[in-house]
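Coordinate inspection notes
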Amino acid sequence: MASSLIEIVWESLRQNNPRYPLDPNAAEGEPGSYLRATDMKADFCAREEYLAWKHDVVRHFEADVGLSAILAFGKTVHSMIQEGLGKSGHLVGQWACGHCGKMAMGYGPKPKACIFCKKKNRHEFVEKFFYEEGFGGKLDLDLRSTVNEGAIIVSEIKTINPFEFKKLRRPKEDHGRQVNTYFIIRKDATDGRVIYVVND
């Protein structure tokens, strides 16, 4: 039976997305030596991960073109929120100068000017990779509490359609697991949040 043009295009846009098992020879903190926080979904199975590692099984998942559009939109939303919170002084993290490209020293609030090229208000937030106890990931936001001085609130930004958002009573299980995983990674975190942005 002949396929429609739409089906042919759709199948050509699908891509195979292999997921490799943990590598016992990978150096600590290197890819393959840890589970990513984003993998801590509702269907995560520790037994499956162990068996895949033990028998060196590469699993294959299909990703479609729609996912690329969602990820691109999400990245834009992340940048907008990080920029706004950076200006307010509530976001702490790593910052790179948008003019000279050099990283600001340390981990803290957004610098007012670059210590290298002296340009003002050019810094962009750089999501830092955290690794601890077999887990790793890039946290969307490290927020300073406005109520409890010194408190760190680990936060993830998620885009959601308006219909799903109306049904929410608590964070989605996948999102809650991801934030909870960051509590393992960030031992100094005192609270966690999932920030939903409606993509309407």
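Residues numbered from 1 in each chain as written. Predicted model: local features only at pLDDT ≥ 70, side-chain atom pairs only at ≥ 80, totals over all residues. Heavy atoms only, no water.

1. Quick word on the overall build of the protein
Looking only at helices and strands, one finds five helices and 11 strands in the protein. Considering the protein as a whole, with its 200 residues, one finds that 30% of them fall into the buried category. Counted over contacts in the protein with a minimum sequence separation of 6, partners at least 24 positions apart contribute 61%. Summed over all atoms, the accessible surface of the protein reaches about 13200 Å², with 55% contributed by carbon and sulfur. (Helix = DSSP H or I, 4+ residues; strand = E, 2+ residues; numbered from the N terminus. Buried < 20%, exposed > 50% of the residue type's maximum accessible area, 1.4 Å probe, protein only. Contact = heavy atoms within 4.5 Å. Areas by Shrake-Rupley, 256 points an atom, 1.4 Å probe, with all protein chains shown as cover.)

2. So, the nonpolar core
Among the nonpolar cores identified, the biggest contains 15 residues, and Phe135, Leu139, Val154, Tyr182, Ile185 and Tyr196 are the most heavily contacted of them. The contact partners of Phe135, leaving out residues within four places of it in the chain, are Tyr34, Leu35, Met40, Phe130, Thr181, Ile184 and Ile185. One finds Val77, Trp95, Leu143 and Ile157 within the second-largest nonpolar core, a separate group that totals nine residues. (Core = buried A, V, L, I, M, F, W, Y, C linked by side-chain atoms within 4.5 Å.)

3. Quick notes on the pairing of strand β7 (residues 129-132)
By the bridge criterion, four bridges tie β7 to strand β8 (residues 135-138) in an arrangement that is antiparallel. Residue pairing in the sheet places Glu132 in a bridge with Phe135 of β8. Hairpin connection between β7 and β8: a loop of two residues separates the two successive antiparallel strands, and Glu133 in this loop has a positive phi of roughly 50°. (Pairing = 2+ DSSP bridges.)

4. Describing unusual backbone geometry
Positive phi, normally seen in glycine, also occurs at Lys118, with a value near 70°. Structurally, the position occupied by Lys118 is in the loop between β5 (108-109) and β6 (123-126). One non-glycine residue, Asn121, adopts positive backbone phi at about 50°. Structurally, Asn121 is set in the loop between β5 and β6.

5. Some thoughts on the sheet that holds β7
The three strands lie next to each other as β2-β8-β7, forming an open sheet whose pairing is mixed. Edge positions in the sheet fall to β2 (35-36) and β7, since each has one partner strand and no second.

6. Some points on the confidence of the model for the protein
When pLDDT is averaged along the protein, the result is 84; 88% of the residues meet or exceed 70. No element of the protein has a lower mean pLDDT than helix α1 (residues 5-13), at 50, and none a higher one than helix α4 (residues 162-167), at 94. (pLDDT = per-residue confidence, 0-100.)

7. Brief notes about the pattern of salt bridges
In the structure shown here, the tally under the stated rule is nine salt bridges. Glu156 serves as the salt-bridge partner of Lys158, at 3.7 Å between the closest nitrogen and oxygen. Across the pair, Glu156 and Lys158 agree in class, each one buried. Arg193 is paired through a salt bridge with Asp191; the nearest N and O atoms lie 3.0 Å apart. For Arg193, a relative accessible area of 42% translates into the label partly exposed. Connected through shared salt-bridge partners, Glu83, Lys87 and Lys110 make up one network. (Salt bridge = Lys/Arg side-chain N within 4 Å of Asp/Glu carboxyl O.)

8. Focus: the packing of aromatic side chains
The final tally for this structure, using the stated rule, is five aromatic pairs. Judged by centre distance (5.9 Å) and plane angle (65°), the ring pair of Tyr34 and Tyr131 falls under edge-to-face. Placement of the pair is Tyr34 in the loop between β1 (15-19) and β2 and Tyr131 in strand β7, with a sequence separation of 97 residues. Given the relative accessible area of 13%, Tyr34 is considered buried. (Phe/Tyr/Trp six-rings, centres within 6.5 Å; stacked < 30°, edge-to-face > 60°.)

9. A look at helix α5 (residues 173-185)
Over its 13 residues, α5 runs 19 Å from end to end, which matches the ideal 18 Å to within 8%, given 1.5 Å per residue. Among all positions of α5, only His175, Gln178, Val179, Thr181, Tyr182 and Ile185 are buried. An end-on view of α5 places all buried positions within 150° of arc, on one side of the element. Elements in contact with the buried residues of α5: β7, β8, β10 (152-160) and β11 (189-198). (Expected span 1.5 Å × (residues − 1). Arc of directions from axis to C-beta.)

10. Regarding the environment of Gly134
Here Gly134 lies in the loop between β7 and β8. A C-alpha to C-alpha distance of 8.7 Å links Gly134 and Arg36, two positions 98 residues apart in sequence. Sequence-distant contacts of Gly134, defined by excluding residues within four places in its chain, comprise Ser33, Tyr34 and Leu35.

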